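Architecture at a glance
What follows is the residue order along each chain.
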Amino acid sequence: MRIIPPNSIVSASFTQNIADLRARATVVAEESVTGQYADLTKHLGGRIGDAMVGKKALTDIEEQRSLLGIRQGRLDLVQKSLSGIQDRVDGLATQMLSALGTGDFHGQSVVARDSKAALTDVFSALNGRHGDRFLFSGDETATQPFSGTDQLLTDLRAIAASAVDAADFETQLDDYFQSATGGWQTTIYRGTSVSTDPDSVTATDPALVELISGLAVMALSGSEDNIALFRQSPEIVQSGAERVNSGITALVNLRADVGIIQERVAKSLESLDTEETILNSIYNNMAGRDQYDAASELKQLEASLESAYVLTSRLSNLSLLNFLR
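Keep in mind that this is a model prediction, so the values were computed, not measured.

Looking now at the overall build of the chain. Within the chain one finds 13 helices and 2 strands. Across the 325 residues of the chain, 39% fall into the buried class. Contacts spanning at least 24 positions in sequence make up 76% of the contacts within the chain whose residues lie at least 6 apart.

Next up on the list: empty space enclosed by the protein. Leftover empty space is mapped by rolling, across the atoms, a probe with the size of a water molecule. In this structure the tally under the stated criterion is 1 cavity of 30 Å³ or more. For the largest cavity, the calculated volume is near 90 Å³. Forming the boundary of the largest cavity are R74, L75, V78, R133, F134, L135, G138, T141, D197, D199 and S200. Elements represented by at least two residues in the lining of the largest cavity include exactly α3 (48-89) and β2 (133-134). It is α3 that provides the largest number of residues to the lining of the largest cavity, a total of 3 residues. When grouped by side-chain class, the residues that make up the lining of the largest cavity number 4 nonpolar, 3 polar and 4 charged.

What follows is about the environment of G131. Relative to the helices and strands, G131 resides in the loop between β1 (129-130) and β2. Sequence-wise, G131 and G73 are 58 residues apart; in three dimensions their C-alpha atoms are separated by 10.0 Å.

Attention shifts here to the nonpolar core. Core analysis: the biggest nonpolar cluster contains 64 residues, and L152, F169, W184 and F230 have the highest contact counts within it. Sorting elements by how many residues they give to this core places helix α11 (residues 234-287) first, with 13 residues. Not counting the four nearest positions on each side in its chain, W184 is found in contact with F123, F146, L152, Y176, F177, Y189, A203, T204, V209 and I212.

Following the sequence through the fold, S179 ends up in the loop between α7 (166-178) and α8 (183-188). Polar side-chain contacts of S179 include one of 3.0 Å to the side chain of T181. Apart from the residues lying within four places of it in its own chain, the contact partners of S179 are D174 and Q185.

Our focus in this paragraph is unusual backbone geometry. Its identity is not glycine, yet N226 carries a phi of approximately 50 degrees, on the positive side. Within the element layout of this structure, N226 appears in the loop between α9 (206-219) and α10 (228-232).

This model, assessed by the stated rule, comprises 7 aromatic pairs. Each ring, one from F169 and one from F230, has its centre 5.4 Å from the other, and the planes form 85 degrees; the classification is edge-to-face. Of the two residues, F169 sits in helix α7 while F230 sits in helix α10, which places them 61 residues apart along the sequence. Of the two residues, F169 and F230, both sit in the buried class. For the ring pair Y176 and F177, a centre distance of 5.2 Å and an interplane angle of 75 degrees mean the geometry is edge-to-face.

Looking at the secondary structure, you find S233 in the loop between α10 and α11. Linking S233 and A166, residues 67 residues apart in sequence, is a C-alpha distance of 6.3 Å.

Of the positions making up helix α4 (residues 92-102), those classed as buried are L92, A93, M96 and A99. Projection of α4 onto a plane perpendicular to its axis shows the buried side chains occupying an angular sector of 125 degrees, all on one side. Those residues of α4 that are exposed and angled more than 90 degrees off the buried face are T94, G101 and T102. Phi turns positive one or two residues past the end of α4, at G103, with a value near 70 degrees.

A word on the packing of helix α6 (residues 150-162) against α9. Close contact between α6 and α9 brings their axes to 10 Å; oriented N to C, the two are set at 70 degrees. Relative to α9, the element α6 lies roughly perpendicular. Residues L152, L153 and L156 of α6 form the contact with α9, whose participating residues are I212, A216, V217 and A219. The residue makeup of the contact of α6 with α9, split by class, is 7 nonpolar, no polar and no charged.

Next up on the list: the pattern of salt bridges. Following the criterion strictly, the structure yields 14 salt bridges and no others. R65 is paired through a salt bridge with E276; the nearest N and O atoms lie 2.9 Å apart. With R65 in helix α3 and E276 in helix α11, the pair connects residues that are 211 residues apart, well separated along the chain. Residue E276 is classed as buried on the basis of its relative accessible area of 18%. Between D197 and R133 there is a salt bridge, and its shortest N-O distance comes to 3.4 Å.

Calculation rules
- Residues numbered from 1 in each chain as written.
- Predicted model: local features only at pLDDT ≥ 70, side-chain atom pairs only at ≥ 80, totals over all residues.
- Heavy atoms only, no water.
- Helix = DSSP H or I, 4+ residues; strand = E, 2+ residues; numbered from the N terminus.
- Buried < 20%, exposed > 50% of the residue type's maximum accessible area, 1.4 Å probe, protein only.
- Contact = heavy atoms within 4.5 Å.
- 1 Å grid on protein atoms, 1.4 Å probe; cavity = no way out; pocket = protein on both sides within 12 Å on 5 of 7 lines; lining within 4 Å.
- Points joined across faces, edges and corners; volume = space filled by probe spheres on them.
- Nonpolar A, V, L, I, M, F, W, Y, C, P; charged D, E, K, R; others polar.
- Core = buried A, V, L, I, M, F, W, Y, C linked by side-chain atoms within 4.5 Å.
- Polar contact = N/O pair within 3.5 Å; in protein donor to acceptor, adjacent residues only side chain to side chain.
- Phe/Tyr/Trp six-rings, centres within 6.5 Å; stacked < 30°, edge-to-face > 60°.
- Arc of directions from axis to C-beta.
- Axes fitted to C-alpha atoms, helices over the stretch in contact; angles between N-to-C directions.
- Parallel < 35°, antiparallel > 145°, perpendicular 65-115°, else oblique.
- Salt bridge = Lys/Arg side-chain N within 4 Å of Asp/Glu carboxyl O.

Written out as structure tokens, the structure reads:
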């Protein structure tokens, strides 16, 4: 019959205890860092379902915050672009009306030159984008809405050349900018007139169309283009300036609408922050581990491990003679 030495039995028992202590120490060390129980199922028992529901709610909040953050970024850029447009054209219509009122053709030409530069800047602002998404292209978010102002001005020169009088010019101008088959939507603007994104502003918005149409007329009213119809019918240029003023008023209202959406998004983010704070508190009360308590337990485990190692070492050196004594 084979006799197992007592020290082997005790040593095996200590080895298992040491393994258990090391495994527990690893878990407690993690809990002391994360501040949460590593095994929630064991800790919570039947309440684990409630904890998982709370965790899912927190994950949903993060996803909603991400989407709202994207919306907020787009709206901020749209508002910035519209504000830049308003600032850029502000005062030009008044200057043009003043020059027309005094018959100052040189002054009119200066305003026409400034209007042409402003038109380029307006197109540039409307080409703004958020990441790879063009902001004013409607559903054609991958398409830059404008390539430049040259074609627009060329088209308006052609209208002025073919118009028989001021009334005919205004009729053709309205058709060009407002009709779905007019040059503005078929040749100049390369986006769509509709958008499935309710936050979106397209370059076919009436405020922008009114502003751009008037600005383009003023841009062609100087000595550089020297259009005969404009010289013969200064009321065309006056109407252009009035379009710009009307467009600015509409643009202010458009910016206010965008501002309302911005405010709603900001409030939604605030609500998410409040909800997250409450849910975090509930979840942490269920899953949270006191880090000071975990650190204290870890020190006790380390002390127990040291003692176990010492005893194991002594057992390994214990001889039969020492055992019999």
